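# Overview (structure and organization)
This is what each chain is made of:
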Amino acid sequence: RRYHAEAGFEDPTEHPRVRLVWKGIRRTQGWDATQKEPAVTADLRAMIATLDLDRLIGVRDRALLLIGFAGALRRSELVALDVEHVTERQEGLRLFIRRSKRDQEAKGYELGLLYGSDPDTCPVRAYRAWLEAAEITEGPIFRPITRHGRMGDERLSDRAVALVVKRCAKRAGLDPAVLAGHSLRAGFVSAAAD
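Residues numbered from 1 in each chain as written. Predicted model: local features only at pLDDT ≥ 70, side-chain atom pairs only at ≥ 80, totals over all residues. Heavy atoms only, no water.

What follows covers unusual backbone geometry. Backbone geometry at Ala72 places phi at a positive 50°, although glycine is not the residue there. Its place among the elements puts Ala72 in the loop between helix H4 (56-70) and helix H5 (75-79). Phi at Glu135 is positive, roughly 55°, even though this residue is not glycine. When you line up the elements, Glu135 lands in the loop between helix H6 (123-134) and helix H7 (158-171). For Glu135, a relative accessible area of 69% translates into the label exposed. (Helix = DSSP H or I, 4+ residues; strand = E, 2+ residues; numbered from the N terminus. Buried < 20%, exposed > 50% of the residue type's maximum accessible area, 1.4 Å probe, protein only.)

What follows is the structure, encoded as structure tokens:
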């Protein structure tokens, strides 16, 4: 993969023809997807507690986890958010989700996030703290950060969301093999059902 990127070629597994073949294989042979566990509220609190909020990556990861959980967002919806898609309101935030799996006509939909009762786990406060710390005023909200603390201008990948969840789960003493990006969405649904 690295060789292809350096040589100026795209990842061959992402080529439309290869993706079409895999789609056909899954359709005819079936797909044994491993079901990920929901990150319930206690798990989320434990994961947040492991973050170093004196570092930019800790502030970003807290906002990512809390907004993903509180909004029951898919990884793709979370990383597709731009500053221009968020309106600050007196009661919290209003997110405009431009594209979603459930929105087959791509009309988009709005989603409200209210202030949380605990400042440490409030998605609105975490969002504001992240934008302020990263000095983001436009473009993608969630961006990659190098191990040296430098932030990129590009959008964070949806795969990176899963890695953030797994890394935080491991630090919190949870099993990272059963948690991933979808665990945030599933955790919100579980919490709402409870």
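Still more ground to cover, so stick around.
Counted as a void, the second largest pocket has a volume near 330 Å³. For the second largest pocket, the lining is made up of 16 residues, of which Phe69, Ala70, Gly116, Thr121 and Pro123 are closest to its centre. Tallied by class, residues from the lining of the second largest pocket come to nine nonpolar, five polar and two charged. (1 Å grid on protein atoms, 1.4 Å probe; cavity = no way out; pocket = protein on both sides within 12 Å on 5 of 7 lines; lining within 4 Å. Points joined across faces, edges and corners; volume = space filled by probe spheres on them. Nonpolar A, V, L, I, M, F, W, Y, C, P; charged D, E, K, R; others polar.)

The subject of this paragraph is the nonpolar core. The tendency in soluble globular proteins is for nonpolar side chains to be buried side by side. Leu65, Ile67, Leu73, Leu95, Trp130, Ile141 and Phe142 are the most contacted members of the largest nonpolar core, which totals 41 residues. Sorting the residues of this core by element identifies helix H3 (41-49), H4, H5, strand E2 (92-97), strand E3 (109-114), H6 and H7 as the ones contributing at least two each. Element by element, the count of residues in this core is highest for H4, at eight residues. With residues near it in sequence (within four places) discarded, Leu95 still touches Ile67, Leu73, Leu81, His85, Val86, Tyr109, Glu110, Leu111 and Leu113. (Core = buried A, V, L, I, M, F, W, Y, C linked by side-chain atoms within 4.5 Å. Contact = heavy atoms within 4.5 Å.)

Every second residue of E3 is oriented toward a common face, the buried set being Tyr109, Leu111 and Leu113 and the non-buried set Glu110, Gly112 and Leu114. Bridge count between E2 and E3: six bridges; the pairing is antiparallel. From the neighbouring strand, Phe96 faces E3, where its bridge partner is Glu110. (Pairing = 2+ DSSP bridges.)

The tally for this structure, following the rule as stated, stands at ten salt bridges. Here Arg75 ties to Asp158 by a salt bridge, and the two come within 3.8 Å at their closest N and O atoms. Of the two residues, Arg75 sits in helix H5 while Asp158 sits in helix H7, which places them 83 residues apart along the sequence. Given a relative accessible area of 30%, Arg75 falls into the partly exposed group. Taking the relative accessible area as the measure of exposure, Asp158 reaches 29% and is therefore partly exposed. Between Arg128 and Glu88 there is a salt bridge; the shortest N-O distance is 2.5 Å. Taken together, the positions of Arg128 in helix H6 and Glu88 in strand E1 (residues 86-89) put the pair 40 residues apart, joining distant regions of the chain. What makes Glu88 partly exposed here is its relative accessible area of 44%. Each of the salt bridges in this network shares a partner with another, and the network as a whole consists of Arg60, Asp61 and Arg167. (Salt bridge = Lys/Arg side-chain N within 4 Å of Asp/Glu carboxyl O.)

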